[in-house]
Amino acid sequence: MKFEEALKKMKKGIPMKLPSWGGYWCWDEENKTIIMYTKDNRRLDIRETERVEYTLTNVLSDEWVIAGGENTTILGG
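Visitor: An account of the nonpolar core is needed here, citing residue identities and associated values.
Guide: Membership of the largest hydrophobic core is limited to 11 residues, which are Phe 3, Ala 6, Met 10, Met 16, Leu 18, Trp 21, Trp 25, Ile 34, Met 36, Ile 46 and Trp 64. Sorting the residues of this core by element identifies α1 (3–11) and β3 (33–37) as the ones contributing at least two each. The leading source of residues in this core is α1, at 3 residues. Judged by nonpolar contacts, the second largest core, of 5 residues, contains Tyr 24, Cys 26, Ile 35 and Tyr 37.

Visitor: Pulling in residues and values, what's your account of the packing of aromatic side chains?
Guide: Under the counting rule described, the total for this entry stands at 6 aromatic pairs. An angle of 40° between the planes, with centres 5.2 Å apart, marks the rings of Trp 21 and Trp 25 as tilted. You'll find Trp 21 and Trp 25 in the same group, each marked buried. Centroid distance Trp 25 to Trp 64: 5.0 Å. Interplanar angle 50°. Geometry classified as tilted. Separated by 39 residues along the polypeptide, Trp 25 in strand β2 (residues 24–28) and Trp 64 in the loop between α2 (52–59) and β5 (65–66) bring together distant segments of the chain. Three or more aromatic residues link up through ring pairs in this structure, and these residues are Phe 3, Trp 21, Trp 25 and Trp 64. Positioned above the aromatic ring of Trp 27, the side-chain terminus of Lys 11 is 4.8 Å from the ring centre. Lying across the ring of Tyr 54, Arg 51 places its NZ or CZ 4.3 Å from the centre.

Visitor: Could you give an account of the environment of Asp 40, naming the residues involved and the relevant values?
Guide: Within the secondary structure layout, Asp 40 lies in the loop between β3 and β4 (43–45). When the C-alpha positions of Asp 40 and Gly 22 are compared, they lie 8.2 Å apart, and in sequence the two are 18 residues distant.

Visitor: Lay out the side chain of Asp 45 with the relevant residues and their values.
Guide: The residue Asp 45 is located in strand β4 in this model. Side chain to side chain, Asp 45 and Thr 33 meet in a polar contact 2.8 Å long. Setting aside residues no more than four positions away along its own chain, Asp 45 makes contact with Thr 33, Ile 34, Ile 35 and Met 36.

Calculation rules
Residues numbered from 1 in each chain as written. Predicted model: local features only at pLDDT ≥ 70, side-chain atom pairs only at ≥ 80, totals over all residues. Heavy atoms only, no water. Core = buried A, V, L, I, M, F, W, Y, C linked by side-chain atoms within 4.5 Å. Buried < 20%, exposed > 50% of the residue type's maximum accessible area, 1.4 Å probe, protein only. Helix = DSSP H or I, 4+ residues; strand = E, 2+ residues; numbered from the N terminus. Phe/Tyr/Trp six-rings, centres within 6.5 Å; stacked < 30°, edge-to-face > 60°. Lys NZ or Arg CZ within 6 Å of the ring centre and 35° of its normal. Polar contact = N/O pair within 3.5 Å; in protein donor to acceptor, adjacent residues only side chain to side chain. Contact = heavy atoms within 4.5 Å.

Function cannot be read off these values alone, since they describe shape.
Structure below.
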């Protein structure tokens, strides 16, 4: 799915990812931002990304899927 739909799902509390990731992104309602959980289980605010081009490429992807225990390393997948 496109990022627009993925963001809507994140805002409903559903974690989202790209298929190649071991981590996921989710919405932080309190701070009104996306939190990125890396494959190493590090927690990063998207506004603090150091790799802007890489992050924007991810946002432009149309391969977003729901992150869960079966497909996300840090969630047990």
